[in-house]
Amino acid sequence: MTDQLIDFFLLMKSELLLLAVIFIMLFMNITAKENADGTPVDNNHSILVTANILLLLNFLAGFFMNTSGNLFGDSFTSTELTAFQKNILNLGTLLVSLQSYTWLKTHKHVMEFYMLLLATLLGMFLMISSQHMLLFYLGLELSTIPLAALVNFDLEKKKSAEAAMKMIMMSAFSSALLLFGISLFYGTMGTLHFQEIPAALNGSDLQLYCLILLIAAFGFKISAVPFHFWTADVYEGAPVPVTSYLSVISKGSILFVMTTVLYNVFAGMGVEWYLIICVLAVATMITGNIFAVRQQNLKRLLAFSSIAQVGFILVGMSGQNTEGAVSVTYFIIIYIFSNLAALGVISVVSALTGKEKISDYKGFYKTNPMLSWILAIALFSLAGIPPTSGFFGKFFLLLAGAGNGNYTLVIIAALNMIVSLYYYLKIVKAVFMDANEEPIPTINLAFFPKAGLLICLIGIIVTGLASGSYNYIQELFASL
Amino acid sequence: MNYANYIYLIPLLPLLSFLLLGFFGRKYVGAASGWVGVLSLGTSALLSVYTAFRYFFVDGLMDGKYQTIIPVKIEWLRFSETLSIDMGILLDPVSVMMLVVVTFVSLMVHLFSIGYMKGEERYATYFSYLSLFTFSMLGLVLSTNIFQIYMFWELVGVSSYLLIGYYFTKPSAVKASKKAFIVTRFADLGFLIGILILGFSGGSFDFATLIATLTNTQSPELTTMISSSFLGITLLSWALTLVFIGGAGKSAMFPLHIWLPDAMEGPTPVSALIHAATMVVAGVYLVARMFPVFALDPAVMQLITITGITSAVLAAIIACTQTDIKRVLAYSTMSQIGYMMFAMGISGYAFNDTGYTGSLFHLFTHAFFKSLLFLGAGAVIHYVHSNEMKDMGGLRKTMPITHITFLLACLAIAGIPPLAGFFSKEEILLAAWESNKTVYFMALGTSALTAFYMFRLYFSIFWSKEAAHHDNHHGEGTFTMKLPLLLLAGCTIGAGLIPFSNFVTSNNIPEKMELHLLFSIAPVLLAVLAIGIAAILYKNENDKPDKIASSMNALYRTALNKFYIDEIYLFITKKIIFNLIAKPAAWIDRNIVDGLMNLLGNATIIVSDEAKSVQSGKVQWYALAFLGGILILTVAFIYLY
């Protein structure tokens, strides 16, 4: 009995730890002191310190005592790989939290921010571990609905509220279609269990239709074209840290799940989903890039460019080999570091000066050399220029994609890399080379955002050059 | 001492000096930055020369063949069961030769820059960039596999971007660095895809393995690459063509050369390093590196020949009309690299490989006299404060050392014996004569043109009119500026006497170098004639050149405008890409997307007043697009597929 209980705790370790953090924060909120007039005392700084320390501990704990096994009638699984993926998300969340310090310090609802944020993370964890369609759906919803509230977290801004409204409507729409697909699946297969699905696949038209609905739901969350329309509005309306979270953590989690589901569960319909993924990849890369080229608002630009990045990930996914799965996971890590570094700088600048246009960043190097270099290296990594890790990530994605022999797709992807280089360089040029009468004033970074940016920077350089990271992921996939 | 014990120091020392100067240079090292760079590069150069000596004279030759030695090799990453990526150092005749060229020229440029860049605000930064560039170039030269070469290839691109854009307050410099970066990136895209194809079909990234499998006619890899085709061209041709496009981009071959003349916006010593001896010859080096594989495919070799000879002729014609001395040198570089390229293209593997040897011989000698020309031009620009020929003239008395060394370099590039350029050019011409007469006559004509425009440059700078008064405070330059000129001049005289084919041949088996004195008569006579014409036209100020120019108005103008190639590109990018792709995308976004959503909003006006607002219409549109996507996929995959 005790052994079982310990097993239970260990297998659900990531989820339970996260729950513990949520409860500690909740408890702090309940016991918060009030001023004489009933308004709460401004203790944002201490809340933020506590939250960041807890998240750091949570991340560190993710390295220890990871066991493999199933729970809840085999509908929940935990393996070395899922533990690793969850911990990547833990790290990403920690980085987002560190970066939001500047913005949250003056915010009135810090505690709620963390509870909502961590609730979505919990949803993602459930999704990653799910071995059953229903648990997967549950996780998906839990990871979406609180996010809509977070999008609305610039409480005074109308745009923020509008973005949240759009997001919730669109996600309800996509959920409905997903549920429709799941129920049809159940009708054709009589089971929703991931382990039983492969045997029940028969490749009928109805199942293909269900698969399309499932991929559309994935596509909605990772903003693949044509399911991406909400992205630009929501990214622009949301506070920058939430945008970072949406574009990196939320997407990353779905991509993890998508890889597992398509590679393992729907391997039997590989020919079909391969073509769908190819179509989506091409549409996503091209649309993302064409629209990113025109953007003058840095946040919007990164939103569209992150759509294009997803297109590249889909190219790797289309490889349909172990290298495909490994390179997708590897790229997500790199993408987390690179995109969070870029958005981190923008987040600080936006929180302190409200400036978000590319032209505002002219002469940025003169006043903020350190931030400029971080931004430049992050953008170089996003553009895939060696020796930043982004290059290795993209290269392996293309290599995995080429493994399936579809050179046309690889050529389109490589062409898109050039286009993306153009707009990333445009920012670098503004930062380093353009003169400006009134540059953004010198920014004194607080400890937390600084630490967050430095971790990203180290990550960008180390994940690429240290081949161990790639080989480690390879071993994780091989051990499955 | 074993190679493995020290060889890694050669690229590592410049990297260290980059890190040191990059992080602490501005604050702590300051004016001593130049000497830090010289010290690290000097050590690297000494080690390189030592390596070359050992390799060529002590232990490189075994059983009558130069061995490929790989003293350092680490498996960096195992990508899949069969494909792994290594990092290592490869020594063979070509890489050892390049090692000496790169470190020596870089050392000279470092030395020269100490005086040239004195007083610049970002002095330490400049030297850190130089070190970074040298490191990347050395890494490129020493690569054991095609992935490693690509990494350093890109790093070379980044560092040259930084160097060209060094004067970032000058808008033209910024534009030029961006152009160089984007154009070469575009070519690198081809390279990248070529690597992917080679890696997958050839089964390895490693040069040695790749060459061994693909030259073995029995291997399944070769069979697949020859039998499977895409758009009617075999996979092998695709891979090699794409790799060659990468090389052509870096080596400024027609039609990807447009970045090179603009890149002259960088500091002049930088041009001596990047645009004479190192980066621009990377394409030739790449072809040489994989030569046995290239030699398998006559079609690709043909492409290389045509690209090379076209670039050589075109650039020589343009060079005759330019008035900016650095641009003349830039086009002359392009022309000379065209020589090296077509020599590769016409060469055979193992036998009849005079072209291969000649190409690399020319690369070797060209590195010395072209960097000497650039450094000389730098000294002149430093003195006159202008790039334009019309601001110069009569400098032979005030700048005696620059004058003599520049003259030597001009004679060398014109192919006058016994200077270095003569021997290497003869080798190439001989190869052309033996394999393709058309190419030979075009090359011969280019050779005469080369002599003409180089002496046009020489006479305009050092003769022509009497020296104008230049308010200079530094005379001809410091000792550190003169010393590199003299050393390079020494190499320009001596390098040609090296019996090159004793060391570098396509299959690494030494051959005896042969000189055909009778064969050399025609090219030398032509060169002398061209120099004579240049002397008549430009030695004293007169109006003959203008008259000739106006009598050949159309041709002259076309050449002056560089055959309008830039304009064509501009037309394609600005007019076609921008108007046909970007603008419609914007238009669709503005009119159709917004219009449709307005339409939707208007359509639902009866149902609800709220729906009239743009926003609610938008979400409906989004949902519609969502559904549309599913519908299209469904129709496409269920009913059509």
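Keep in mind the model is a prediction, meaning the values are calculated, not measured. (Residues numbered from 1 in each chain as written. Chains lettered and ligands numbered in written order. Predicted model: local features only at pLDDT ≥ 70, side-chain atom pairs only at ≥ 80, totals over all residues.)

1. Comments concerning the pairing of strand 3 (residues 69-78) of chain B
All names here are of chain B.
In step 1: For strand 3 and strand 4 (residues 84-91), the ladder comprises seven bridges, and the chain directions are antiparallel. By the bridge assignment, K73 is partnered in strand 4 with G88.
In step 2: Connecting the antiparallel pair strand 3 and strand 4 is a turn made up of five residues. (Pairing = 2+ DSSP bridges. Helix = DSSP H or I, 4+ residues; strand = E, 2+ residues; numbered from the N terminus.)

2. Some remarks on the packing of helix 4 (residues 80-99) of chain A against helix 15 (residues 322-353) of chain A
Residue and element names in this part refer to chain A.
In step 1: For the pair helix 4 and helix 15, interaxial distance at closest approach is 10 Å and the crossing angle is 5°. Considering the angle they form, helix 4 stands roughly parallel to helix 15. Note on element contacts: helix 15 touches helix 4 through I332, I333, I336, L340, G344 and S347, opposite I88, G92, L95, V96 and Q99.
In step 2: Considered class by class, the residues forming the contact of helix 4 with helix 15 number seven nonpolar, four polar and no charged. (Axes fitted to C-alpha atoms, helices over the stretch in contact; angles between N-to-C directions. Parallel < 35°, antiparallel > 145°, perpendicular 65-115°, else oblique. Contact = placed C-beta atoms within 7 Å. Nonpolar A, V, L, I, M, F, W, Y, C, P; charged D, E, K, R; others polar.)

3. Regarding helix 7 (residues 171-202) of chain B
Residue and element names in this part refer to chain B.
In step 1: Over its 32 residues, helix 7 extends 45 Å from the first C-alpha to the last, a length consistent with the 46 Å expected when each residue adds 1.5 Å.
In step 2: Here helix 7 lies mainly inside the structure; 26 of its 32 residues are buried.
In step 3: Once helix 7 finishes, G203 follows within two positions and takes phi at roughly 80°, a positive value. (Expected span 1.5 Å × (residues − 1). Buried ≥ 20, exposed ≤ 12 C-beta atoms within 10 Å, placed from the backbone.)

4. Focus on the interface of chain B and chain A
In step 1: The interface is formed by 40 residues belonging to chain B together with 46 residues belonging to chain A.
In step 2: Among the elements of the structure, strand 3, helix 6 (146-164), helix 7, helix 25 (565-603) and helix 26 (614-640) of chain B are those that each provide at least two residues to the side of chain B that touches chain A.
In step 3: The biggest single contributor to the side of chain B that touches chain A is helix 26 of chain B, with 13 residues.
In step 4: Here the side of chain B that touches chain A is built from residues that sort into 29 nonpolar, seven polar and four charged.

5. Notes on the nonpolar core
Soluble, globular proteins show a tendency: their nonpolar side chains are buried together.
All names here are of chain A.
In step 1: Residues V151, A341 and L379 are the most contacted members of the largest nonpolar core, which totals 394 residues.
In step 2: By residue number, the principal contributor to this core is helix 15, which donates 20 residues.
In step 3: Once you skip the residues sitting within four places of it in the chain, A341 turns out to touch I374, A378, L453, C456, L457 and I460. (Core = buried A, V, L, I, M, F, W, Y, C linked by C-beta atoms within 7 Å.)

6. Details of the packing of helix 14 (residues 298-317) of chain A against helix 15 of chain A
Residues and elements named next belong to chain A.
In step 1: Following both chains from N to C, one finds helix 14 and helix 15 inclined at 170°, their axes separated by 10 Å at the closest point. What the angle tells us is that helix 14 and helix 15 run roughly antiparallel. Facing helix 14, whose interface residues are L298, K299, L302, S306, Q309, I313, G316 and M317, helix 15 presents G324, S327, V328, F331, Y335, N339, A342, L343 and I346.
In step 2: Residues that form the contact of helix 14 with helix 15 fall into these classes: ten nonpolar, six polar and one charged.

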